[in-house]
Structure formats: structure tokens, C-alpha cells
Amino acid sequence: MGAVKFVLENPRRESKGYIRMRIKLYPSQYLRYYINEKVSPKMWLAKKNRVSTKHPQHLSINKHLDAIERQFSDARRDMMQRGDLTRDSMRRYCDSYFKGKTADRESVYSDIDRIIASKDKSQTKDTTPRKYRNVKNKLVAIAPDLRWSDINIDFIYSFIQSMYDDGLATNTVSHHVGTFKSLISEAFSRGYTTNTIHLNKKFKVSLKPVVNTYLSIPELDTLFNHSFKYERLSNARDLLLIGCYSGQRFGDWHKIQTSKKVSYEEKEYYQVTQEKGGQVVYIPAFEKLDELLKREPRYTSNQKLNKSIKEVCREAGIDSAFVKPKYTGGVTQDIEYKKYEIITTHTARRSFVCNCLTLGVPTELIRRVTGHKTEKEFRKYVALSSLDGVKLFADPF
């Protein structure tokens, strides 16, 4: 049985009754809503949930009911996928659909502000508000008086082109388009709009393959043993290596502490509760990681550290050429960098993954340390080139 069905009010009466829509939210949980259609009980087919062919307007009424069923089945599925399927959210959507109580006559931006405000109040760490604000600013730049009804596939294409005109890379555009799609879906779920453009399969920009670098084990040894003239650079080097030897995100480096060491079967591990997702992981207490932590490096902001570690790698001689493709508006351009120019704090996590793979550590064991929940997410961190694979072959000739 479908999630949306129609019943007639007081079917035993002789007078006309309103058709009532019943939406199944969850098992034994329903929302009932009257729609603006009246039918005589004699003209109602209870088993089919439709008007009898004897009714003079049965074609138009049944067509209308078919459209409502499709619309609300889609809305229910969308809300369920977003985890926002409640009586309140569905009732608001019903009001917007049947009574016109919708923000479609108002600026899109007031609704975006309401969504952002609700996300800001969340108890969990969430980057969604920042992403929504970025998209809102880009929309304001091209459409200061945007309304929900203005957003169609042509507008989406113009939004995409405006970002390309600003010089944004294809993958950056793809992320912004995905955020905009999520924003519309959120507004739809809350009943702010009945626009279903987010369901359009053309509403996307495909990601391009990303080529990233990592620090190999010999390069890590070079950094570890290098003597820096300035304490600032020594401190930055220690922080970078903590990330390379632990496989954790920058936001979790400060949580790796000697006071959180645990022992298991005569081996020691650092216990860390990750900021993202709250997953508890255990990091092997490698000898070099122990030594780095004993130095008690000073933690700084991600932005400042990204600048410092480029200096660190440059001074240590990590300056081999690295070609990285850049995709902009369907045009691919290969750009050559010195390796130190593209080192960031996230390179550390990628280096841990790639070095473990080259050493033959099973993927499942690596994921237990890094905290990657899926193979798909894990594979994004693999920066091994085709040369890394070829060099493992012996000469067969």
C-alpha cells in the first residue's frame, strides 16, 4: 500500500463530504489533511481511493488526486532521506501546497537565513551554516531579489556559469552546486517552498579527478632529522609530522596526548575521540610520534600552520616538480608546482594513508586508525601515482 491515500469524510452520510488525504509517516503514525474537494459518498470508490466514473468531473478530480499523491510521495521520501520527516514538517508542507502559506512570494534569502539560524543552534559541530552562507553570498551577487519560483534549470545554469566567470575551479563549483541543492531540499522539507528543482537530475556539476601529493617515508625522515634555524619552523615541522604519523585530521592533533595512552597486548596506543563524527580511534604509539609529543609543540591556527609548513618543506629541500591539473569551465590546464608549494595540513593525513599502503598495511586496519567509515571516503585520500605501482614490479625481461 502506498504512503499517500485518500478517504472520504463521513462516507455513511448522504450529503457531500470532503476528501481527506492520509500520509503514512512511520508505522502507526499518520498525518490527516483535508483537501479542497467535496464528493457525494455515492460517487466515491473507497477501495480505489478515487471518484467513480459516474461523477461528471471524475477525470479532472482523479487527475488532481493523482498529482497530489505523486507530489506528497516525493515530499515524504525527500524528508525521510534528510531525517526531517515529522508531523510538523509535513503539515507545513501541506499548508504551503494547499493554502499558499509559502515563502514563494517572498525573497529566498529570508528563508535561507532561517535555515542557517536553526543550524547555528545545533549542539554538534557543523560546517553547513558556513557553506550555506557562501552560497547565499554568491546568489545575492547575481540575483538580489531571488524568489523560489525563479529557480529553474535555466537559473541553475546561469548560477554555474557565474562561478566559472569568477575563475572558480570545476570541483569548487561542484561543491557549491551541491550545497545549493541541499539548501533547496531543506527549504522544501520545511515547507518554505514547493519548488522541486532539487530533484532534477541535471542539477549537478560532475567532480573531476583530483591529483594530490603526499610526503613519502624518506621525505618524512628528512623532515624529522633536519635542523631548523628558527624555533617557529621547528615547531611547525613537529606539528606536521604528528599528523603524518597519526593519520588524524588537523582538528584532532591536539587531542593526541601522552596522558591518553592505553596499553593492549604489550603495545601502547593513543586514544582519541575524533571531532568529526565523535568516533573513538586508537593510534599506534610509534617511536617518532612519542618523541614529537614529548617536545610539547605549540598548536596554532590551520591558516598560519599551512603557511609555515610550506617554509619547512622548502628549507628541508622537498622541492621536486609536481604537475597538478586544474579544471575550469570544462578546460583542463596542467600547472607545475614545487612540491613544498602544495603541502597543507591535510597532506599529513593523506601521507599516513599512502605510506601505510605502500608498506602493505591492510586497508581495514588503516581505516581503524584514520576513522574512515566507508571505503569510498577512504579512497579519496589515496594519492599514489601510477609510478608508485609500477616501481613495485621486478624487471621481467
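These figures come from a predicted structure and were not determined experimentally.

Thresholds applied
- Residues numbered from 1 in each chain as written.
- Predicted model: local features only at pLDDT ≥ 70, side-chain atom pairs only at ≥ 80, totals over all residues.
- Heavy atoms only, no water.
- Phe/Tyr/Trp six-rings, centres within 6.5 Å; stacked < 30°, edge-to-face > 60°.
- Helix = DSSP H or I, 4+ residues; strand = E, 2+ residues; numbered from the N terminus.
- Buried < 20%, exposed > 50% of the residue type's maximum accessible area, 1.4 Å probe, protein only.
- Lys NZ or Arg CZ within 6 Å of the ring centre and 35° of its normal.
- Core = buried A, V, L, I, M, F, W, Y, C linked by side-chain atoms within 4.5 Å.
- Contact = heavy atoms within 4.5 Å.
- Pairing = 2+ DSSP bridges.
- Axes fitted to C-alpha atoms, helices over the stretch in contact; angles between N-to-C directions.

Colleague: Help me understand the packing of aromatic side chains, please; the structure alone is not making it clear to me.
Modeller: Describing an aromatic ring pair means giving the distance of the ring centres and the angle of the ring planes. Going through the model one piece at a time under the given rule, you end up with 6 aromatic pairs. Geometrically, the ring pair formed by Tyr18 and Tyr34 is edge-to-face, given 6.5 Å between the ring centres and 70° between the ring planes. You can see Tyr18 sitting in strand β2 (residues 17–26) and its partner Tyr34 sitting in strand β3 (residues 29–39), a full 16 residues away along the chain. Overall, the relative accessible area of 33% leaves Tyr18 in the partly exposed class. The class for Tyr34 is partly exposed, based on a relative accessible area of 40%. One aromatic cluster in this structure is built from Phe72, Tyr93 and Phe188. Positioned above the aromatic ring of Phe224 is the side chain of Arg295, whose terminal nitrogen or guanidinium carbon lies 5.3 Å from the ring centre. The side chain of Lys339 reaches across the aromatic face of Tyr214, ending 6.0 Å from its centre.

Colleague: Would you mind showing me how to read the nonpolar core here?
Modeller: Soluble globular proteins tend to bury their nonpolar side chains together. If you look at the biggest cluster of nonpolar residues, it comprises 38 residues, and the most contacted ones within it are Leu215, Leu223 and Leu240. Elements with a contribution of two residues or more to this core: α7 (217–225), α8 (231–246), β7 (267–273), β8 (280–284), α9 (287–294), α10 (302–315), α11 (345–358) and α12 (363–370). Residues in contact with Leu240, not counting those within four places in the same chain, are Leu215, Leu223, Trp253, Ile309, Cys313, Thr344 and Ala348. Of all hydrophobic cores here, the second largest spans 29 residues; its members include Ile116, Phe155, Val177 and Val205.

Colleague: Got a minute to help me understand the sheet that holds β7 in this structure?
Modeller: Through backbone hydrogen bonds, the strands of a sheet pair up, either in parallel or in antiparallel fashion. One open sheet holds the 3 strands; their spatial order is β6-β7-β8, and the pairing between them is antiparallel. The strands lining the two open edges of the sheet, one partner per strand, are β6 (261–264) and β8. The sheet shows a mean angle of 40° between the axes of neighbouring strands, direction not considered. In terms of strand pairing, β6 meets β7 through 4 bridges, oriented antiparallel. By the bridge assignment for β7, Ser263 is matched with Glu268. In the packing of α9 onto the sheet, contacts are made with β6, β7 and β8, and the angle to β7 comes to roughly 60°.

Remember that the coordinates give geometry; whether it matters functionally is a separate question.
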